[in-house]
Amino acid sequence: MSTTTTVLAVVLAALFLLLGSAKLAAVPAMRQAAAHVGMTTTHYRLLGTLEVAAAAGLLAGLRITALGAAASVGLILLMAGAVVVHLRSDDPAARCLPAAVVGALAAVHLVLLASG
């Protein structure tokens, strides 16, 4: 595994561990974000659980490539869903940009894993 792949996995894992934990803890900013897009706190906590699981999968993927690849696919799907939710909420395109960028980084991670 290349250094780039490892760094990308660790950065993504740190990001999603932080964001997922905030959703699980239902911090006020996350409750507001959930309400803004029409989700309950319970649904947002479910998303947080998936994000924390993806973070764990990315880190486990440093040893077991298939787990890292599965985590990347999961993040790509989560971020695609986030873009759709923001668009359906009539958010400006700029509000979708973080999810699109992070989804693209997860896709790069997946490609790097596949290329060995």
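Reading guide: rules and limits
Residues numbered from 1 in each chain as written. Predicted model: local features only at pLDDT ≥ 70, side-chain atom pairs only at ≥ 80, totals over all residues. Heavy atoms only, no water. Patch = residues over 30% accessible without salt bridge, like charges linked within 9 Å, V, L, I, M, F, W, Y side chains within 5 Å. Areas by Shrake-Rupley, 256 points an atom, 1.4 Å probe, with all protein chains shown as cover. Salt bridge = Lys/Arg side-chain N within 4 Å of Asp/Glu carboxyl O. Helix = DSSP H or I, 4+ residues; strand = E, 2+ residues; numbered from the N terminus. Axes fitted to C-alpha atoms, helices over the stretch in contact; angles between N-to-C directions. Parallel < 35°, antiparallel > 145°, perpendicular 65-115°, else oblique. Left-handed = near helix turned anticlockwise from the far one by under 90°. Contact = heavy atoms within 4.5 Å. Phe/Tyr/Trp six-rings, centres within 6.5 Å; stacked < 30°, edge-to-face > 60°. Lys NZ or Arg CZ within 6 Å of the ring centre and 35° of its normal. Core = buried A, V, L, I, M, F, W, Y, C linked by side-chain atoms within 4.5 Å. Buried < 20%, exposed > 50% of the residue type's maximum accessible area, 1.4 Å probe, protein only. 1 Å grid on protein atoms, 1.4 Å probe; cavity = no way out; pocket = protein on both sides within 12 Å on 5 of 7 lines; lining within 4 Å. Points joined across faces, edges and corners; volume = space filled by probe spheres on them. Nonpolar A, V, L, I, M, F, W, Y, C, P; charged D, E, K, R; others polar. Polar contact = N/O pair within 3.5 Å; in protein donor to acceptor, adjacent residues only side chain to side chain.

(A) A nonpolar patch on the surface, seen in detail. Taken together, the side chains of Met1, Val10, Leu59 and Leu62 present a nonpolar region at the surface, about 320 Å² in accessible area. Assignment of secondary structure puts leucine 62 in the loop between α3 (41–60) and α4 (65–88).

(B) Expanded view of the packing of helix α1 (residues 3–25) against α3. Where α1 contacts α3, the axes come no closer than 7 Å and their chain directions differ by 155 degrees. Overall, the two elements α1 and α3 adopt an arrangement that is roughly antiparallel. As for the relative orientation of α1 and α3, their crossing is left-handed in sense. Here Ala9, Val10, Leu12, Ala13, Phe16, Leu17, Leu19, Gly20, Ser21, Lys23, Leu24 and Ala25 of α1 come into contact with α3, specifically with Tyr44, Arg45, Leu47, Gly48, Thr49, Glu51, Val52, Ala55, Leu58 and Leu59.

(C) Main features of the packing of aromatic side chains. One pass over the full model with this rule turns up zero aromatic pairs. For lysine 23, the ring lying beneath its charged end belongs to tyrosine 44, and the centroid distance is 5.3 Å.

(D) Focus on the nonpolar core. The biggest cluster of nonpolar side chains holds 15 residues, and the ones touching the most others in it are Leu12, Phe16, Leu58, Leu75, Met79 and Val102. Breaking this core down by element, the ones donating at least two residues are α1, α3, α4 and α5 (93–114). The leading source of residues in this core is α4, at five residues.

(E) Main features of the layout of surface pockets. Approximately 500 Å³ is the volume attributed to the largest pocket. Considering the residues around the largest pocket, the lining is formed by 21 residues, among which Lys23, Tyr44, Ala82, His86 and Ala99 are closest to the centre. Taken together, the elements giving at least two residues each to the lining of the largest pocket come down to α1, α2 (28–36), α3, α4 and α5. Looking at the lining of the largest pocket residue by residue, the class counts come to 16 nonpolar, two polar and three charged.

(F) Broad picture of the side chain of histidine 86. As for its position among the elements, histidine 86 is in helix α4. Histidine 86 gets classed as buried once you look at its relative accessible area, which sits at 17%. A polar contact is formed between the side chain of histidine 86 and the side chain of aspartate 91, at a distance of 2.6 Å. Setting aside chain neighbours within four positions, we find histidine 86 in contact with Val37, Asp91, Arg95 and Cys96.

(G) Examining the packing of α1 against α5 more closely. Interaxial distance between α1 and α5 falls to 10 Å at its minimum, and their mutual angle equals 145 degrees. Crossing of α1 over α5 shows left-handed handedness. On α5, the residues that touch Thr4, Thr5, Leu8, Ala9, Leu12, Leu15 and Phe16 of α1 are Val102, Leu105, Ala106, Val108, His109, Leu112 and Leu113. By residue class, the composition of the contact of α1 with α5 is eleven nonpolar, three polar and no charged.

Functional significance is not addressed by these values, which are geometric in nature.
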